[in-house]
Every structure is written in structure tokens, then in C-alpha cells.
Amino acid sequence: LGSAILSFFRSDHFLVRWLTSVKLTVILLVLIGLACIVGTLIPQANMVGASPDVLFRMYTDWYGLIFHRIFNALSLYHLFSSWWFSVLLILLTINMVFCSLNRWRWRWRQLGFQLTHLSIIFLLVGVVIGLNRSEGMLQVFEGDSSNTMILGWNPRVPNSPAEAREIAEEMVSQNGMTTATLPFTIHLDDFRVARHKQPLDRIRFQAARRTEGGQVVESRIVSFNIEHQKYFWRPAGEPWTIEVLATSPVMRATMEVVESGDPSSAPAIEVSVLARGTESRRWLMTERQKRLPLLPDLTLEYQAAGDDAAWKRLLAQDDLATTGAPDQVAVALGDGTVNLPVRIGEEQAVPGTDLTVTVLRLLPDFRVGEGRRFFSASQERNNPAIEVRVKSGARVETQWLFARMPDFNPPLQIGDQTISLRFLEGDPQTPHYVRIVDGSTSGKRQLQYYMDGRLLKSQPVETGEAMALPDGTEIRIDRWIEHASMARRQEPDPTAVAARLRIRDLRTGEEDETVLRSGASEQRGQLFFMVTREFPIEQFISDVEVLEDGREVLKKRIQMNDPLRYGGYTLYQSSYDSEAGDASRYTVLSVKRDPGVLFIYIGFSILTVGLVIVFYVNPFLRKRKRTNGEVEEEEL
Amino acid sequence: MRVGPFVLTAFNLAVAFYFVTTLASLAGLLLGKQRGRWVVWASYGLMAIGFAAHTWLIGSRWIAGGHPPFSGLFDAVVFFSWSIVVVFIAAEGIFRTGWLAMFVGATEVVLFLYASDLDRAIQPLMPVLKSMWLNIHVVAYMIAYGTMALACFAAIAYYYLSLADKSPERVKRLDRITYRLVAFGFPLLTVGILTGAVWANRTWGRYWGWDPKETWSLISWIVFAVYLHLRFLLRQTSVTPERRRFLLNWMVMLGFGAIIFTFLLLKFLPSAKDSLHTYM
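Fair warning: this is a prediction, and the values are worked out from it, not measured in the lab.

Asks: Summarise the overall build of chain A; cite the residues concerned and give the values.
Replies: What chain A contains, in helices and strands, is ten helices and 34 strands. For chain A, buried positions account for 44% of its 636 residues. In chain A, the proportion of contacts linking residues at least 24 apart, taken out of those at least 6 apart, comes to 56%. For chain A, the exposed area adds up to about 32700 Å²; of that, 54% sits on carbon and sulfur atoms.

Asks: Lay out the interface of chain B and chain A in plain terms, naming residues and giving numbers.
Replies: On the side of chain A, 63 residues touch chain B, which itself brings 61 residues to the contact. In total, about 5700 Å² of surface goes out of reach between chain B and chain A, with carbon and sulfur atoms giving 64% of it. Our count for the chain B to chain A interface comes out at one salt bridge. Salt-bridge contacts for B:Asp119 lead to A:Arg202; the nearest nitrogen and oxygen are separated by 3.8 Å. Applying the counting rule to chain B against chain A returns ten residue pairs in polar contact (both at pLDDT 80 or more). For the side of chain B that touches chain A, the elements supplying multiple residues, two or more each, are helix H6 (168-204) and helix H7 (212-234) of chain B. Here the side of chain B that touches chain A is built from residues that sort into 39 nonpolar, eleven polar and eleven charged.

Asks: Residue-level account of the packing of aromatic side chains, with values.
Replies: Applying the stated rule across the entire model yields 47 aromatic pairs over all chains. Considering the side-chain rings of A:Phe80 and B:Trp210, the 4.2 Å spacing of their centres and the 5° angle between planes classify their relative orientation as stacked. Placement of A:Phe80 in the loop between helix H5 (52-73) and helix H6 (83-102) and of B:Trp210 in the loop between H6 and H7 is noted, with the two residues assigned to different chains. An aromatic cluster is present here, built from A:Tyr59, A:Trp62, A:Tyr63, A:Phe67, A:Phe71 and A:Tyr77 joined pairwise through their rings.

Asks: So what about the environment of A:Trp104? Which residues, and what values?
Replies: Residues and elements named next belong to chain A. Positionally, Trp-104 belongs in the loop between H6 and helix H7 (111-130). Spatially, the C-alpha atoms of Trp-104 and Thr-463 are 85 Å apart, while their sequence positions differ by 359 residues. What Trp-104 contacts, discounting residues up to four positions off in sequence, is Leu-6, Arg-10, Gln-110, Gln-114 and Leu-118.

Asks: Tell me about helix H5 (residues 132-164) of chain B, and please be specific about residues and values.
Replies: The end-to-end C-alpha distance of H5(B), which contains 33 residues, comes to 48 Å, matching closely the 48 Å that a straight helix rising 1.5 Å per residue would cover. Capping of H5(B) at its N-terminal end is provided by B:Ser131; its side-chain oxygen lies 3.1 Å from the backbone amide nitrogen of B:Trp133.

Asks: Report on a nonpolar patch on the surface, specifying residues and quantitative values.
Replies: Residue and element names in this part refer to chain A. A cluster of nonpolar residues, Ile-90, Ile-94, Leu-124, Val-127, Val-128 and Leu-131, forms a patch on the protein surface that exposes about 500 Å² of accessible area. Elements that contribute at least two residues to the nonpolar patch include exactly H6 and H7. Tallying contributions element by element places H7 first for the nonpolar patch, with three residues. Mapped onto the elements, Val-128 comes out in helix H7. Given a relative accessible area of 47%, Val-128 falls into the partly exposed group.

Asks: How would you explain the sheet that holds strand S27 (residues 511-517) of chain A if you had to name every residue and give the values?
Replies: All names here are of chain A. Taken in spatial order, the three strands of this open sheet run S6-S26-S27, and their pairing is antiparallel. Looking at strand neighbours, the two that pair on one side only are strand S6 (240-259) and S27, the edges of this open sheet. Across the sheet, the axes of successive neighbouring strands diverge by a mean angle of 20°, strand direction being ignored. The pairing of strand S26 (residues 484-505) with S27 spans seven bridges and is antiparallel. Across the sheet, residue Arg-504 finds its bridge partner in S27, namely Glu-511.

Asks: Quick one: what's the story with the sheet that holds strand S19 (residues 412-414) of chain A, residue by residue and with numbers?
Replies: Residue and element names in this part refer to chain A. The strand order S12-S11-S20-S19 describes an open sheet built from four strands, whose pairing is antiparallel. The open sheet has two free edges, formed respectively by strand S12 (336-341) and S19, since each of these has just one partner strand. The sheet shows a mean angle of 30° between the axes of neighbouring strands, taken without regard to direction. Two strands pair when backbone bridges link them, and strand S11 (residues 328-333) and S12 are joined in this way by six bridges, in the antiparallel orientation. What sits directly across from Leu-333, in S12, is Gly-336.

Asks: Run through the environment of A:Ser82, naming residues and quoting values.
Replies: All names here are of chain A. For Ser-82, the position within the fold is in the loop between H5 and H6. Ser-82 gets classed as buried once you look at its relative accessible area, which sits at 2%. Within the structure, the side chain of Ser-82 is placed 2.7 Å from the backbone oxygen of Leu-79, a separation counted as a polar contact.

Asks: Outline the side chain of B:Asp175, listing residues and values.
Replies: All names here are of chain B. The topology assignment puts Asp-175 in helix H6. The class of Asp-175 is buried, set by a relative accessible area of 4%. If we skip the residues at most four places from it in the chain, Asp-175 touches Arg-231, Arg-245 and Asn-249.

Asks: Kindly report on the pattern of salt bridges, identifying the contributing residues and their values.
Replies: Oppositely charged side chains can form a pair if their charged atoms are brought close together. Residue and element names in this part refer to chain A. Inspection of the entire model under this criterion finds 31 salt bridges over all chains. When the shortest N-O distance is used, the salt bridge between Glu-163 and Arg-156 registers 3.5 Å. Since its relative accessible area comes to 37%, Arg-156 is described here as partly exposed. Here Asp-505 and Arg-507 are joined by a salt bridge, their closest N and O atoms 3.4 Å apart. Sharing partners across several salt bridges, the network here consists of Glu-243, Arg-500, Arg-502, Arg-504, Glu-511 and Glu-513.

Asks: Lay out unusual backbone geometry with the relevant residues and their values.
Replies: Of note, the phi angle at A:Asn561 is positive, near 65°, even though the residue is not glycine. Residue position: A:Asn561 is located in the loop between strand S31 (551-559) and strand S32 (564-566). With a phi angle near 55°, B:Trp210 is a residue other than glycine that sits in the positive phi range.

Asks: Could you give an account of the pairing of strand S17 (residues 385-392) of chain A, with specific residues and numbers?
Replies: Residue and element names in this part refer to chain A. Of all the eight residues making up S17, seven are buried; the element is thus mostly covered by neighbouring parts of the structure. Pairing analysis gives eight bridges linking strand S14 (residues 355-363) to S17, with the strands arranged antiparallel. Bridge pairing links Leu-363 to Ala-385 in S17. Strand direction decides the pairing type here: S17 and strand S18 (residues 395-402), joined by eight bridges, are antiparallel. Counted as the bridge partner of Lys-391 is Val-396 from S18. Here S17 folds back onto S18, and the loop between the two strands holds two residues, one of which, Gly-393, carries a positive phi near 60°.

Asks: Explain the confidence of the model for chain A to me, and be specific about the residues and the numbers.
Replies: Any residue range with low pLDDT should be treated as having predicted coordinates unsuitable for detailed reading. All names here are of chain A. The share of residues in chain A with pLDDT of 70 or more is 89%, and the mean pLDDT across the chain is 82. Mean pLDDT across the secondary structure elements of chain A bottoms out at strand S9 (residues 291-295), with 61, and peaks at helix H3 (residues 22-41), with 95. Predicted confidence for residues 629-636 stays below pLDDT 50, and this span has 16 contacts to residues more than four positions away or in other chains.

Asks: Break down helix H1 (residues 10-31) of chain B for me, citing the residues and quoting the values.
Replies: Residue and element names in this part refer to chain B. Under the 1.5 Å per step criterion, the end-to-end length of H1 is 31 Å for 22 residues, consistent within 8% with the ideal 32 Å. Considering only its buried residues, H1 is in contact with helix H2 (37-65), helix H3 (73-95) and helix H4 (100-116). Directly beyond the C-terminal end of H1, a positive phi value near 95° is found at Gly-32.

How each quantity is defined
- For every chain, the first residue of its written sequence is number 1, and the numbers climb from 1 along that sequence.
- Chain letters and ligand numbers both follow the written order, the letters beginning at A and the numbers at 1.
- The predicted nature of this model means local features are confined to residues of pLDDT at least 70 and side-chain atom pairs, given and counted, to a pLDDT of 80 or more, with totals for whole chains, interfaces and linings taken over all residues.
- Hydrogen atoms and water are omitted, and side-chain values are computed over all heavy atoms in the structure.
- Secondary structure elements follow DSSP: runs of H or I no shorter than four residues count as helices, runs of E no shorter than two count as strands, and numbering proceeds from the N terminus.
- Relative accessible area decides the class of each residue, using a 1.4 Å probe on protein chains only: under 20% of the type maximum gives buried, over 50% gives exposed, and in between gives partly exposed.
- Whether two residues are in contact is decided by their heavy atoms, any of which lying within 4.5 Å being enough.
- Here the Shrake-Rupley method, with its probe set to 1.4 Å, supplies the accessible areas, and only the displayed protein chains count as covering residues.
- By buried area we mean how much accessible surface two parts lose on assembly, using a 1.4 Å probe and totalling the loss over both.
- Salt bridge, as used here, is a side-chain nitrogen of Lys or Arg placed within 4 Å of a carboxyl oxygen of Asp or Glu.
- By the criterion applied in these results, polar contacts are pairs of N or O atoms within 3.5 Å in which, for protein atoms, one can donate a hydrogen and the other can accept it, and in which residues neighboring in sequence qualify only through two side-chain atoms.
- Three categories are distinguished: nonpolar for Ala, Val, Leu, Ile, Met, Phe, Trp, Tyr, Cys and Pro, charged for Asp, Glu, Lys and Arg, and polar for the others, with Gly belonging to the last.
- In this analysis, rings of Phe, Tyr and Trp, with Trp reduced to its six-membered ring, are considered paired at centre separations within 6.5 Å, and the interplanar angle assigns stacked below 30 degrees, edge-to-face beyond 60, and tilted for intermediate values.
- Here a helix's expected span is defined as the number of its residues, less one, multiplied by 1.5 Å.
- To count toward a patch, a residue needs a relative accessible area above 30% and no salt bridge. Like charges then connect within 9 Å, nonpolar side chains (Val, Leu, Ile, Met, Phe, Trp, Tyr) within 5 Å.
- Pairing between two strands requires that DSSP report at least two bridges joining them.
- For helices, the axis comes from a line fit to the C-alpha atoms of the stretch in contact; other axes are also lines fit to C-alpha atoms, and the angle between any two N-to-C directions lies between 0 and 180 degrees.
- Within a predicted model, pLDDT stands for the predictor's per-residue confidence, ranging from 0 to 100.

Take a look at the structure:
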């Protein structure tokens, strides 16, 4: 049978001859190479990642309408996934297999050649298996869980503005993106950006490279680590040498609360709040900072009861009369409407239906940042919005609701139900409210915890004692000062540095010294220089749990280059809330499942071994044979 | 230290000696094989001093940063030019050309002048670069790039010789040198691409994404693959050896051009701003 197969590949049929020819290999390689060049000269639609109308405007601006339509018809905007490019790759694979089998002989010297050319079979198998890979993005908030990944979306490029609208409408009807459900759930305990403890201190030089009419059009920036700058430096083309003589810390003034001894001063406490893995410390003074919106859903109040009557009155207060209506989500279904309180992260059932509603997050001042990232511009309620997840069985929809733009959202279509959601803004009272009452005269202190305006807990507190709230937040009074006043204190600022520089003018030989603080800049002629201190990012860390049927089955710390593998899926650290920076409260994991990778790696290994034999082992053996007086054989 | 208007650093020392090497090698070539023998030896000595300073520059940055200096563009250019010299030392030991130092020295000077304008801060490794595969990837690529650079120089010399010198033996030998360099570099170029793919898969979960950098590394690879196949193919046709070598040496120069484009010039592409790869 083997020889029958081989004789087929050696037959004289013109098609077999054509497919086994090296000429075809060269032609295909050249065509693929040219296509690749075109594919990088024309920005590919999936890389640009813009909306259909932007794509249309951009491409017609560059190429004109006629060429745009020709390019689009030739799929030059999706070149690497176009049918004709795939045909070229498949032809090349067939060509390589035919070439191999055509030249098949049971000789050692053939081994490298065969391995090199047959490795492509594994690559092809890997790619074909990979065609039904799944890949998407999973966004999870701290303390929340998700099993819904957003799938990549590669829109077709429109040929006219009308078609652009059509494609955009398709997008809207899918609520912007398509999703898929994972067979397990990821719960995010904590996301953080780890930074190096060691600061990176640099001196940066910015020199004008080209000026037009006194304006710097182009400049070049060179920077050095101050730590390593033991020598002079002369910026290219500049008549100066610069030398860092020493660095010194920068002092900063901080306000501190101290005991004043003045009996007319009011008391103050220093409070630590440990919430969602981060600890913050604040001073609360009954006279100044009485109330603190610590978290989006938690307010801390400090009250001093001047006398026993006030102490009793404050302690007896079992609901906060100041509260108006809480924030609510109105769910309109058919002819009925149900109002649910806004409780972030809590899955609430809509009575009488199989629907559940979860408020994922609340942004008091909603903004859209780069790349469709949503963030809050401030803590002020300028444009409050909530992100809501509605579930019905296996169907999941998410939507943003805007309190001040109630008609912004189209009704959701889940199965055969039409659901309208509204965000009813209540009094901006936070749902969690903690009040610490200080009976200054009696020396007693009481902590009262209110949820949605109702007193849930009231207990005496001591300094240094932590109290846990039902949502996991811990509150601890670290210090208590009976007669507080503010004092100024000098201390080194860990975020700043100053450098003493010696600058020498090479034309005149003059030297002078200057001290430059980080953040400030100085100018000499056309040269600007500044000192900077930063703490570079060391790692992005997502601490997650894998949940199956609500039970935790695995705990894992996902980092860059250290993904989580579970159930055939791999989850990579991909992104975070870059506007919020280190304070990002969510992580974005990129989810992949591609069983074809195994074959790709086998192909890679075989290809490498084959090439090593062809180009390193065979020439070595040939050389030995030649010195033994045997005939030189043909290359390859 | 400061010497008049010049600041004495490993960087400046290296570029100065490479410059003198170029002049010495050129003088050796002009003086001819017999009379220029000592000048050629001098050029080797000067190159060795330049190379020592160059190695010192890389070593001190390695120690200061605590990781191999591959990450920024400055380090990449310095390491690229260093690997050209390393491959040159090995290749000159085998082929004994005498004139290759001229090309290498000139290339070093150009690359150093380019690097002198770049940011020299040593940054801690970005999270994405913390991978063992990255080190294999970089080392394989740099040796491959260095080898292909020498192959390109040999191809340039080939054109000079085939125009000026009529000796068919020397022309044939030069063509053979070019081939052997490409044949040595090609597997490493492949390993570079493949380890890059493995690294990308471990970092982003995809081994190939048609990113401009990836696509252009494939284009450079294709040019050399075409070279190797054409060399085999043209021998079976009626094309004369002169025309065959003419075409093939063009391919090598084209291939090295594609490498330079991939390595340093991608930022001029309209699609480059969306690329995932840094230092652009």
C-alpha cells in the first residue's frame, strides 16, 4: 500500500507534477509574502477596532470611495481571514506534502528534509482544530462573580453610510456585543496593581530637534537612571555636560491631629476602615470632618454628645429620619412594575417571575473613557448610572441605566418577555451608615450601624478594637484624642526626590550647580531637563476563585505570564480599569480554549528538529564524508 | 571622566573604536592583500577594543538592571549591534575575508549614532516580558539577525566584485559564503519566530495574531525561504550561474532589508499604532 501511495505522488499526471514542483512553492511563498505586505500597509479592520461608520469614513478618506469598494470586495480589510489568503496557505500545505512524498526515500539523509516539510501537516491540523476555539473577555468586579464572557466581534466593513447604520443597528440589537457562558464561574476576591518598592529616579532631557517660528515642532527625549549616572553626560549636539552630584529627599508638610490640652477643643478619632482588601485611615473630628463618604455605599459619622441627655437621645435613635427613598431599580414587565432597592452585587429575584436582577456597580458621575471603558469622573452625583444584569434561566443581559436619562435604554428582550428597566434615584444617602457617638464626659463610646436607614447594630467600642459589619467591612478606632487640634509636621515625601546637578558650558568652561526637584523642569538654551520619580508596575494580580454550582473548587492568583488553567480553558490577565489605575475595582481576563495548540507545538518542535538536521547536522556529516574521499552530494 | 569636549563612557569608547576599525579595514582593502596585511590585523585589534567596551556597556547595564538588557529600544539596538560583532568574529575565523570588518564597523557606527538619541533609562522588566521564552526568543533572533547582516554584507561585496573583479573563483567563493551564512541563520530565524509564538501564547493566549510585527517577521522569513528554494530550483533550469547568483544575492539584501524593517522601522507603517509590540 505504501508503495502504491508513493507511486501516486510520483505519477506523471500534470496535476501531480504541478503540485510537487518547487516552482509552485516559490510562487506561493512570493504571493503570501506580497499579501502580508498589503495586509500591513492597509490597517486591518479588527486591529483598528472602530465602529462601522468610523471605519467607513476612515477608509474612504484614505483610499476614496471607488478604491474602498474594490478593496472591500477583495477583503483587503480582513485579508488574513479572507478566503483567498486561506486558499494560498492550503495550497502551500498541499504543495509541501506532495513535495515530501514525491521525494520520499528510506534514507537517513532524507530525515531532515521530510521533518521540515511534513511539520506543516501538524500546523494545519492545529489551525483547523483551532477554528472552533473559543475566546473572549471576562470582566469581573471585586467581590462579584461572572461566567459570561464577551466574544470578540469582527464587524464587516460597510460600503456606504447606510450600510454602516445597518451594521451599527445589528450591534445595538445585540446590546453592543455577543456573549457566551462558561461552564464554571469566576469569583474575583481582589485585583491589584503591584508596584516596585524601589523607586525609579530618572533625569530626563528634552531637546528641540526641529523648531518652526520659535515653536518646538519635534523634540527628542532621553532619560537616565540617576542611580547609574556616575559619569558626565553630553546630550548629542548640545554644548553642555551634565553630572548628577547627589540626590536628596524632598520634605513635605502633613497635617496631624494632636492633643492640644485646650479643654474647649472637641475630640477626634483616627479610624481604619478595611474594605475589599484595602485599608484606609482617616481622622474624624466632631468639629471639622464629621461625616465621611468612605466608600460609594458607606458613610462614617462621628458625633460627640456634650451631655448625658444628648448621649441618650443619640443612642435611642433607631432609624435615620434624614433618609429619603433609597436608590431603586424599577422593573416594568407587561403591565406591572416592581421596584427593587439598589444593592450592589446582590442577585434579587423579581417576584412572580423567573427573573433575577443584579446591580453590578453604581457610578455617581458616569463617563465613557477610551475604548468604551466606563468610569466615574467624581464622587458627586452628576450623572448617576448603574449597570444591571438581568437573568432569566440561561439568558443573561446587561444594561446601563441612567437616572437622569430614563429613556436612553431600549427595552430588553429576554425570550418572549419585554422588560423595561429604570433607575430611580433616591436620596443620596448611602445604604450603609456607621455612626460613632462619643460620650465625651462619660468616656464611653458607642458604634451604631444603620442599613438602609434602620439601626441594625449598636455596641460599645474600645480603642484598638475592630468591629465587623455584615458586609465584611471592618472598622477600628486606632486613636482617640480628647482635645484635638491640627498641627503641621515635616516628613520626607516618598513620592518625590531632588537631584543636585552640575552643568558645564563647554564653550566658555563655566560651571554652575542647580537643585532640581522631581516634577519641576529647567531650561538651558534649547535643552529642558527634569527629574522624575516613579514606582514602575511589577505585576497585575487577580486573586480568583473558580466556582462550580456555587461551590469553590479552586483558588488561584492570576498574573501576567501565569494564567489559570481550568476545564480546558485558560484565563490570562488581560486588562483592568486603566482610568482608575491602581484603584481599579475590576479585572479583565482573556479566556481561551484552543485544543489545536498541542498540534501547533508538535509542529513547531518537528520543524525545529528538521531544520537543525538539514542545516547543521547534514552539512557536518557531508563534510566528514568529503574528507573521507566520498562524493559531495547535492544540497537539500 | 571627561576628555576635552568628549565624555568618556563605554558607549563613546565603543563607537570611536568601531569608527577607526572601519577606516583601518578600508585602508587594508585599498592597499591590497600583501601590503595591507598589517593594517587588516590592526583593524581586528581595534575592533577587539571596541567590542570589549561594547561588552562592558551591556554587562554593566545587565548588572545595574538585574535582568538581561533586552527590553528597551536602546538596549535592543546595542544588543543587536553586539551580536553582529559576535557573529563576525566567528565568521571571520572561518572565512578570513579581511574586508568584512569594514562593513561591520560602519554598521556599528550607524547603529550607535542611532542609539545615542534613544532613551537610556534602565527600567524594571514589564510584567509581560517576564518569561523564559523571551530570552530564548531574543538570543535566537539576535544571532540570526547578526548572521543575516553578514550575509547581506557578503552580498553587497559580491556586487562590487562581480563588477570590478573578473576572477570567477573569488565570485563563486563569495556566493558560497553568503549561502553558508544564510543556511546558518535560517533555522535560528525560524526558532525566533516559533519561540515568539510560544511566548505570545503564554502571555496573550494566541500564538499568531497577524500583528504587524509578527507579519513582518514572517515576511523576512519568507524572503530567505524563497532564497533557499530558488537556489535549488534555478540550478535545474537553463539560467546561467551569473544571473542566478545576481538574483540570489539580491534576495539576501532584500531579506536583510525586511529584517531591519521588522526590527526598527515598523513605526512608519499606518497599522503600527495598533500593534501590541513595544518600542515603537
